[in-house]
Amino acid sequence: MSRQRRKDIEQQKAREDRKAARKSKKSHLMEEPSLVREPGTEQYKKRILVVSEGENTEPTYFNKFRIANVIVHPVGVGKSTVKLVKEVPSILKNRFKGKKVDEVWVAFDKDNNNDFEQAIRLAQASGYHVAYSNQAIEYWFLLHFNDHQGGPMDRARYASVINAAIKPYAVYDTNSKIVTKEFFDVMMSRNPNTGQTYIQEALDRASKIYSNKEDKLSESVTTVFQLVKSITGMDTTQEKRKKAGKR
């Protein structure tokens, strides 16, 4: 066989090999991609279910938290205290259908309910966390802007105190009871007088009031701060100092 003939055969074989390699690669790319993720490639997200009596206030508030590793599921049922707590198993069964929920919280107000304490005991016995307010959740909002000391304060005053603080940036409408984006943004902003965020100040105030009360259920008090801490991972200023080794 001549040298030229041998060279032509080798070049032809090389072309066929390259063609076969391209065909194999194309076939591989057209296969259905694997949906199996390598361990550690996706961060676990904590799921928190918040079942509240309010169909507007609590859902529109808790829905606005955007935390990378937390998913909040607020559900407003329009029932309060004991009736609200008894509604939780049905919500877990019908809405989540066996899906894992890391924390279940019930959020309700004292208002004029006579079964307020009974509802708290029932919730705790059921393994639920409780974000209660005496008198109402608006007291938690108020603590972002007002250094209230925990004494009696009628809920009829909450809105006027809140609106005086957030004007002209936002308005809290007592008729719709919706936490707007503007209102939420103000609560998450920084107090120019102290340099602290308003939510940090609310956490500090609510925690201090709760800790200092001999009767943890008496007016005025709210444990919504505990739920917010669970969602955000925030600590009170006192807790931060303890972690830093300061008194």
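Scroll up to find the structure this text is about.
Counting across every chain of the model gives 14 aromatic pairs. Ring centres of Tyr172 and Phe183 lie 5.5 Å apart, and the angle between their planes is 50°; this geometry places the pair in the tilted category. Taken as a pair, Tyr172 in the loop between helix H6 (158–166) and helix H7 (181–188) and Phe183 in helix H7 lie far apart in primary sequence, eleven residues in all. Like Phe183, Tyr172 is buried. In this arrangement the basic side chain of Lys216 is found over the ring face of Tyr210, its NZ or CZ atom lying 4.9 Å from the centre.

With that out of the way, let us pick up the nonpolar core. Generally speaking, a soluble globular protein has its nonpolar side chains buried in company with each other. Tyr61, Phe62, Val106, Phe108, Trp140 and Phe183 are the most contacted members of the largest nonpolar core, which totals 64 residues. Setting aside residues no more than four positions away along its own chain, Tyr61 makes contact with Trp140, Phe141, His144, Val179, Phe184, Met187 and Val228.

A complete count under the given rule lists ten salt bridges for this structure. Glu103 is the salt-bridge partner of Lys46, the closest N and O atoms lying 3.6 Å from each other. You can see Lys46 sitting in strand E1 (residues 46–52) and its partner Glu103 sitting in strand E3 (residues 103–109), a full 57 residues away along the chain. For Lys46, a relative accessible area of 23% gives the class partly exposed. Across the pair Lys79 and Glu87 runs a salt bridge whose closest N-O atoms are separated by 2.9 Å. In this structure Glu87 comes out as partly exposed when scored by relative accessible area, which is 23%.

What counts, and at which threshold
- Starting from 1, residues in each chain are numbered consecutively following that chain's sequence as written.
- Since the coordinates come from a predicted model, pLDDT governs what is reported: local features require at least 70, and pairs of side-chain atoms require 80 or more to be given and counted, while whole-chain, interface and lining totals use all residues.
- With hydrogens and water excluded, all non-hydrogen atoms of the structure serve as input to the side-chain values.
- Any two of the Phe, Tyr and Trp rings considered here, Trp counted by its six-membered ring, make a pair once their centres fall within 6.5 Å; the pair's planes then place it as stacked at under 30 degrees, edge-to-face at over 60, or tilted in between.
- Numbering of helices and strands starts at the N terminus; helices are DSSP runs of H or I of at least 4 residues and strands are runs of E of at least 2.
- Summary of the burial criterion: residues with accessible area below 20% of their type's maximum are buried, those above 50% are exposed, and those between are partly exposed, where the area comes from a 1.4 Å probe applied to protein chains only.
- A ring is scored as having a charge over it whenever the NZ atom of a lysine or the CZ atom of an arginine sits within 6 Å of its centre and within 35 degrees of its normal.
- Nonpolar cores are built from buried Ala, Val, Leu, Ile, Met, Phe, Trp, Tyr and Cys residues. Side-chain atoms within 4.5 Å join them into one set.
- Residues are treated as being in contact if the distance between any of their heavy atoms lies within 4.5 Å.
- We define a salt bridge as a contact between a side-chain nitrogen of Lys or Arg and a carboxyl oxygen of Asp or Glu at a distance within 4 Å.

Keep in mind these values describe shape, not function.
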